[in-house]
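Structural overview
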Amino acid sequence: MCGALRASDAGKKAVLMGWVNRRRDLGSIIFIDLRDRTGVTQVVFNRENSAAHDKAEQLRNEFVIAVIGTVKLRDKDTVNKNIATGEVELIVEELRILNDSKQLPFLPGDTVLPNEEMRLKYRYIDLRRDAMQFNIETRHKVSKAIRDYLSSQGFFEIETPFMTRSTPEGARDYLVPSRVQPGSFYALPQSPQMFKQILMISGFDKYFQIVRCFRDEDFRADRQAEFTQIDLEMTYPRVETVWGVVEGFLTAAFKAAGVDIKTPFPRMSYDEAIRKYGNDKPDMRLPAMVDIREALTPEELEELTTKFRMRKEFPVQLIRIPHAGDISGTERRTIGTYGAYNHVQGPAFVQLMTDPKRFAKDYAALSEKVAAFAKVEADDLWLLAGAANKPENAAVMDQDVQHFCEKCGFLRLDLAQKYASKHKAFEKIGDVAKDYRFLWVSDFPMFDWEKEEKAWMPAHHPFTTLHEEDFAKLEANIDSARDPKSPLGEIRALAYDVVLNGTELGSGSIRIHRQDVQRKIFQALGMSDEEAKARFGFFLEALEYGTPPHGGIALGLDRIVMILTGAESLREVIPFPKTARAVDLMVDAPSPATEKQLKELGLLIKKAT
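Now for a description of the structure that goes with this document. (Residues numbered from 1 in each chain as written. Predicted model: local features only at pLDDT ≥ 70, side-chain atom pairs only at ≥ 80, totals over all residues. Heavy atoms only, no water.)

Things to note about the pattern of salt bridges
Under the criterion given, the structure shown has 38 salt bridges. For Lys 12, the salt bridge identified is with Asp 9, shortest N-O distance 3.2 Å. On the accessibility criterion, Asp 9 (15% relative accessible area) is buried. For Glu 490, the salt bridge goes to Lys 473, with nearest N and O atoms at 3.0 Å. (Salt bridge = Lys/Arg side-chain N within 4 Å of Asp/Glu carboxyl O. Buried < 20%, exposed > 50% of the residue type's maximum accessible area, 1.4 Å probe, protein only.)

Examining the packing of helix H4 (residues 130–152) against helix H6 (residues 239–256)
At a minimum axis distance of 8 Å, the contact between H4 and H6 shows a crossing angle of 140°. Taken together, H4 and H6 sit at an angle that is classed as oblique. Judged by the twist between their axes, the crossing of H4 over H6 is right-handed. Two secondary-structure elements touch here, H4 through Lys 141, Val 142, Ala 145, Ile 146, Tyr 149 and Leu 150 and H6 through Gly 244, Val 245, Gly 248, Phe 249, Ala 252, Ala 253 and Ala 256. Per-class residue counts for the contact of H4 with H6 are ten nonpolar, two polar and one charged. (Axes fitted to C-alpha atoms, helices over the stretch in contact; angles between N-to-C directions. Helix = DSSP H or I, 4+ residues; strand = E, 2+ residues; numbered from the N terminus. Parallel < 35°, antiparallel > 145°, perpendicular 65-115°, else oblique. Left-handed = near helix turned anticlockwise from the far one by under 90°. Contact = heavy atoms within 4.5 Å. Nonpolar A, V, L, I, M, F, W, Y, C, P; charged D, E, K, R; others polar.)

Quick look at the environment of Thr 465
By secondary structure assignment, the location of Thr 465 is in the loop between strand S18 (455–458) and helix H14 (471–476). If we skip the residues at most four places from it in the chain, Thr 465 touches Met 446, Phe 471, Ala 493, Leu 494, Ile 510, Arg 511 and Ile 512.

Comments concerning the packing of aromatic side chains
Under the definition given, this model contains 16 aromatic pairs. Arranged with centres 6.4 Å apart and planes meeting at 55°, the rings of Phe 156 and Phe 204 form a pair that is tilted. Placement of the pair is Phe 156 in strand S6 (residues 156–157) and Phe 204 in the loop between helix H5 (193–201) and strand S9 (206–214), with a sequence separation of 48 residues. Judged by relative accessible area, which is 37%, Phe 204 ranks as partly exposed. Seen in terms of ring centroids, Phe 522 and Phe 536 are 4.9 Å apart; in terms of plane orientation they differ by 15°. Their pairing is stacked. Here the residue Phe 522 occupies a position in helix H15 (residues 515–524), and Phe 536 occupies one in helix H16 (residues 529–542), the gap between them amounting to 14 residues. (Phe/Tyr/Trp six-rings, centres within 6.5 Å; stacked < 30°, edge-to-face > 60°.)

Remember, this is a structural readout, not a statement about activity or role.
Okay, here's the thing in structure tokens:
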């Protein structure tokens with residue numbers, strides 16, 4: 001391989017094959033940097049060997065060649081310390097041109113890259129770049145480490161179908177028309193959820209799969225139409241059992257990429273995450289928000305909230321960005337315009353106190369007390385955020401407080417993105433590329449109210465079980481699927497997410513293993529027995545045949561590799577991704593079907609409305 005030769009190989013015969021990475025013609029001597037995925041070796045054509053030298057004059061970038069020659073030590077003043085093969089070169093005796101290349105739209109070695117559409121159209125060239133080779137190699141190492149670990153723990157890797165039936169997973173399905181069953185469709189799986197639960201019913205007590213899944217949803221930097229997840233399920237687990245398995249394979253995966261992580265991961269309830277971070281996937285590299293009301297006397301709280309027109313029934317959150325306090329007055333005043341942002345508008349409008357220096361001048365004792373309570377350092381950027389007063393002084397609902405905390409959480413992340421990076425705060429907190437802050441978030445709501453549907457919907461999926469002490473609440477409110485004020489929103493699921501640096505890596509839960517409970521969940525979602533049978537009859541029937549308790553999780557492999565490689569989007573770690581418009585530019589997909597194909601499938605294309 002082109003990256004294999006070392007000084008100890010001097011004097012040996014060698015055959016190298018690869019791409020011409022660079023060509024330098026000095027007349028009597030031609031230097032070629034020959035590249036494959038392992039590295040680069042300098043090969044030399046001397047005029048003394050006229051046949052090889054003359055042929056080498058034809059070589060251009062990205063020609064594929066084979067060379068036979070003798071390994072020679074470079075002169076000391078020509079050693080290249082930047083590459084592993086830099087002490088040697090190959091003196092060529094024979095050259096074979098295996099294939100030529102027309103002029104490329106860009107070169108793998110270019111330091112300035114073309115736009116992403118160009119890179120995706122010519123993905124086979126883009127994948128030759130060192131960065132992409134590293135990303136895909138890291139993906140391989142991570143996948144192998146996960147497989148090895150789970151296999152060592154007694155898990156079987158079992159494949160589940162790609163062509164199945166449509167099920168509710170929170171996004172649109174990709175449908176595949178059936179030729180032999182006209183008018184019927186398969187769906188590509190959003191996850192193997194029901195199949196892995198059926199595997200537990202079937203006696204395979206530990207299952208895993210690194211599996212391709214499909215969702216027809218709008219794209220973001222961390223979303224793709226087809227993606228890969230690490231899927232696992234096990235029987236008789238406690239929540240902590242699943243967590244231990246996940247922490248084990250993540251330790252192995254990160255180790256394969258040269259990173260040591262600490263376990264066990266910290267744990268936090270959903271309610272605590274919302275209250276402290278305004279987010280159910282908090283970035284733990286930044287400090288939590290602090291409700292300073294606990295530090296104040298009733299008189300001080302009254303004075304503060306009156307002065308800044310805040311509602312004292314709501315938290316008064318101190319948001320702190322470490323080591324970012326040296327911003328200008330203009331920048332500080334700009335923070336006050338955050339109230340105009342969409343995510344801080346609404347019923348819990350955020351009222352900001354953005355000038356701690358003025359606050360310290362006017363309220364010295366109070367300022368000192370607040371800063372000490374929240375552990376504010378001298379060079380920190382900090383501000384207070386409270387809920388703006390309402391003329392009607394409406395009663396405070398739990399969802400109002402949650403909504404307010406979520407808005408403060410958005411503000412916290414915006415400030416961190418804008419000022420922490422600018423003032424290198426993250427470098428003092430910890431190197432962004434190496435500071436991995438994992439977290440388990442648990443006890444999610446069982447149901448979320450969907451305004452568009454005007455109904456309670458499963459927060460995770462409808463196969464998640466709930467805390468035993470919440471069963472009575474489910475029974476009492478089982479027919480209130482259309483009531484936004486129903487206590488269904490207070491029921492807690494045995495669901496959990498694993499989070500890393502503000503990114504959700506995966507979600508899981510303990511599942512429902514009894515048919516009577518599963519039917520009640522469907523009923524609470526407003527689903528009739530007939531509808532439940534039509535959509536999930538096979539699964540409900542399977543639950544009647546001795547289903548053991550079981551649970552599991554699914555993590556996004558693409559997201560893990562994206563974080564490990566420092567990539568900015570999933571497209572950098574997926575060999576053949578789609579664009580933001582769900583298009584594969586290289587193969588020009590999707591593409592229209594032929595009239596013959598449509599006729600065989602019994603389909604007629606009509607313009608979408």
